[in-house]
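# Fold and contact review
Residue-level listing of the chains:
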Amino acid sequence: MRRVLRFSLPVITALAALPLTSSPAAAGSAAGLPRGVQRAKVVRIVDGDTVEVRFGKSSRKVRVRLLGLDTPEYGRCWFDSATERTRALLPLGRTAYLLRDRDYKDHYGRRLFYVYNHRGLSVARNLVRYGYAKALLYRKNDRYIRTMRLEEARARKRRLRIWSGRCDSSKDMVAPLPAEARTVGYAGPGWQPDPRFRTCESAISAGFGPYERSVHPEYAWYYDADGDGLVCER
């Protein structure tokens, strides 16, 4: 939900509040995740852009505000659909991968993270791409805002969901994600290809990729130097 950040607490205070690690994702994590992600377990979906997780063996619930997007407020059109979409993307009890930007906490005490699901899919990008949310810049947290705005422009052009000029109904509620939804480039209904860059380095710096052989059409645009079936991995 949209919140205006008035200030941020010092990083050292935020770090003291949680037993978080700054190391890369642990072995066995989804492929193609950015460096520095932290593993957590999803324990509750609050709404479309707010969830609760647990880190490691801690029993403490931590409320997380997803960066990069803004979903409709309670009682507004598409609130239920956006919440259900997030619930489908982040199944309870499954692993999620969280990535910090510059500001770590908002003035409501929520932690601020980019969130990827157990398959490595960017939750915010998926919600914005398919019209469940708007792109939103949270002060200095601008790492992927260009990508989010591109996704919003696509959704607006296609008049998807919140851009359709109508409210959602039961028939609009999201169905469970298919098995093909493995990374941020999921080629689902109404899919359009990502922008084509000259190199993977350029694609990654703009927030795109990775692309998997036989899953993403964009895979054919880039050279798979190590032959592992992935290109533009971070």
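Our structure's up above, just so we're on the same page.
Structure report, in brief. Because the structure is predicted, anything quoted here is derived from the model rather than measured. (Residues numbered from 1 in each chain as written. Predicted model: local features only at pLDDT ≥ 70, side-chain atom pairs only at ≥ 80, totals over all residues. Heavy atoms only, no water.)

### A few points about the packing of aromatic side chains
Here a ring pair, both rings aromatic, is described through the centre-centre distance and the interplanar angle of the planes. Selection criterion: Stacked, tilted and edge-to-face pairs are distinguished by plane angle, under 30 degrees for stacked and over 60 for edge-to-face with tilted covering the rest, among Phe, Tyr and Trp rings (Trp via its six-membered ring) whose centres lie within 6.5 Å. Any residue under 20% of the maximum accessible area for its type is buried, any over 50% is exposed, and the rest in between are partly exposed; the area is computed with a 1.4 Å probe on protein chains only.
Enumeration according to the criterion identifies five aromatic pairs in this entry. Where Tyr74 meets Phe79, the ring centres are 5.3 Å apart and the plane angle is 85°; that geometry is what we call edge-to-face. Look at Tyr74 and you get exposed, because its relative accessible area is 71%. Here the aromatic cluster, defined as three or more aromatic residues joined through ring pairs, consists of Phe55, Tyr104 and Phe113.

### A word on helix H2 (residues 79-89)
Note the following rule: Labels follow the DSSP assignment, with helices taken as runs of H or I lasting at least four residues and strands as runs of E lasting at least two, numbered in each case from the N terminus. Pairs of residues are marked as contacts when any of their non-hydrogen atoms sit within 4.5 Å.
Within the span of H2, buried status applies to Phe79, Ser81, Ala82, Thr83, Arg85, Thr86 and Leu89. Of the surrounding elements, those touching the buried residues of H2 are strand S1 (38-47), strand S2 (50-54) and helix H3 (123-129).

### Things to note about the state of the cysteines
Here is the rule we go by: We call a pair of cysteine sulfur atoms a disulfide whenever their separation is within 2.5 Å.
One pass over the full model with this rule turns up two disulfides. A sulfur-sulfur separation of 1.6 Å characterises the disulfide bridge that pairs Cys77 with Cys167. On the criterion of sequence distance, the pair formed by Cys77 in the loop between strand S4 (69-70) and H2 and Cys167 in the loop between helix H4 (145-157) and helix H5 (200-205) is long-range, its members being 90 residues apart. When its relative accessible area of 34% is taken as the criterion, Cys77 is described as partly exposed.

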